[in-house]
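# Remarks on the overall topology
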Amino acid sequence: MPRTALPLEHADARERGLRDIGHAARESGVSVKMIRHYEAIGLLPNVARTAANYRVYGENDVHELRFIRRARALGFSIEEIRELLGLWRNKSRSSAAVKKVASRHVDELRTKISELQAMLRTLEHLTANCHGDGRPDCPILDELSSGPAHACHA
């Protein structure tokens with residue numbers, strides 16, 4: 001539904017298939033607070049408003065919110081989502097441009113996974129070497145208080 005320049009009454013907006021922010025939130029799975037945030041940072045364009053200044057959302061707006069929700073679920077940053085939305089909106093884009101963004105994100109995820117696995121190995125080593133009894137000495141606390149992070153124990 002195209003955005004309208006003339007403020008609509010709420011009932012007129014509903015007749016045109018537009019929905020208020022609560023309905024858009026339920027249909028998209030994005031909270032009202034996050035919808036407002038995405039609009040404030042320009043990730044989602046400003047939407048039409050009723051005569052009473054209530055936001056109203058069309059099907060395309062809800063579709064974009066679903067797009068954003070899915071991209072967030074895949075761990076894309078706001079800036080990456082902004083880039084992906086721009087590509088999605090540009091029907092003359094190349095799929096290579098989209099693949100470049102996704103591939104960069106895959107590399108970032110692999111790095112994070114590697115870092116998490118290293119943290120896990122270190123914590124497993126520390127917990128395996130902690131007696132977990134009534135004594136005050138504790139290798140976990142010793143490691144945490146030893147200053148700069150040490151290489152992971154594999």
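Model, not experiment: these values are computed from the prediction.

This part is about helix H5 (residues 78–89). Here H5 contains twelve residues, and its C-alpha end-to-end distance of 16 Å stays within 8% of the 16 Å for a straight helix at 1.5 Å per residue. Taken together, the buried positions of H5 are Glu80, Ile81, Leu84, Leu85 and Leu87. The buried side chains of H5 occupy one side of the element, clustering within an arc of 160° when seen end-on. Among the structural elements, helix H4 (59–73) and helix H6 (95–128) are those in contact with the buried residues of H5.

So, about the confidence of the model for the protein chain. Looking at the protein chain as a whole, the pLDDT averages 89, with 89% of positions reaching at least 70. Below pLDDT 50 for its whole length, residues 1–5 participates in nine contacts with residues either more than four positions away or in separate chains.

As a further point, take helix H2 (residues 21–28). Of the residues making up H2, those classed as buried are Ile21, Gly22, Ala24, Ala25 and Ser28. Each buried residue of H2 sits inside an arc of 165° when the element is viewed along its axis, so together they form one side. Buried residues in H2 make contact with strand S1 (19–20), helix H3 (32–40), strand S3 (55–57) and H4. Between a side-chain oxygen at the N-terminus of H2 and the backbone nitrogen of Gly22 the separation is 3.1 Å; the capping residue is Asp20. Gly29 sits one or two residues past H2 and shows a positive phi near 80°.

The next subject is the environment of Leu141. Along the chain, the position of Leu141 falls in helix H7 (residues 139–144). Taking relative accessible area as the criterion, Leu141 reaches 54% and is therefore assigned exposed. Between the C-alpha atom of Leu141 and that of Leu126, which follows or precedes it by 15 residues, the distance is 9.3 Å.

Moving on to the packing of aromatic side chains. Enumeration according to the criterion identifies one aromatic pair in this entry. Residues Phe67 and Trp88 carry aromatic rings whose centres are separated by 5.0 Å and whose planes lie at 25° to one another, so their mutual orientation is stacked. On the criterion of sequence distance, the pair formed by Phe67 in helix H4 and Trp88 in helix H5 is long-range, its members being 21 residues apart. Residue class for Phe67 comes out partly exposed when judged on its relative accessible area of 23%. The ring of Trp88 has Lys91 sitting right over it, with the charged end atom 5.3 Å from the ring centre.

Before going further, it helps to spend a moment on the sheet that holds S3. An order of S1-S3-S2 is seen for the three strands of this open sheet, with the pairing classed as antiparallel. If you trace the sheet from one side to the other, it starts and ends with S1 and strand S2 (48–49), each paired once. In the sheet, S2 pairs with S3 via two bridges, with the strands oriented antiparallel. Each residue of the ladder has a partner; that of Ala48, found in S3, is Val56.

Calculation notes
Residues numbered from 1 in each chain as written. Predicted model: local features only at pLDDT ≥ 70, side-chain atom pairs only at ≥ 80, totals over all residues. Heavy atoms only, no water. Helix = DSSP H or I, 4+ residues; strand = E, 2+ residues; numbered from the N terminus. Expected span 1.5 Å × (residues − 1). Buried < 20%, exposed > 50% of the residue type's maximum accessible area, 1.4 Å probe, protein only. Arc of directions from axis to C-beta. Contact = heavy atoms within 4.5 Å. pLDDT = per-residue confidence, 0-100. Polar contact = N/O pair within 3.5 Å; in protein donor to acceptor, adjacent residues only side chain to side chain. Phe/Tyr/Trp six-rings, centres within 6.5 Å; stacked < 30°, edge-to-face > 60°. Lys NZ or Arg CZ within 6 Å of the ring centre and 35° of its normal. Pairing = 2+ DSSP bridges.

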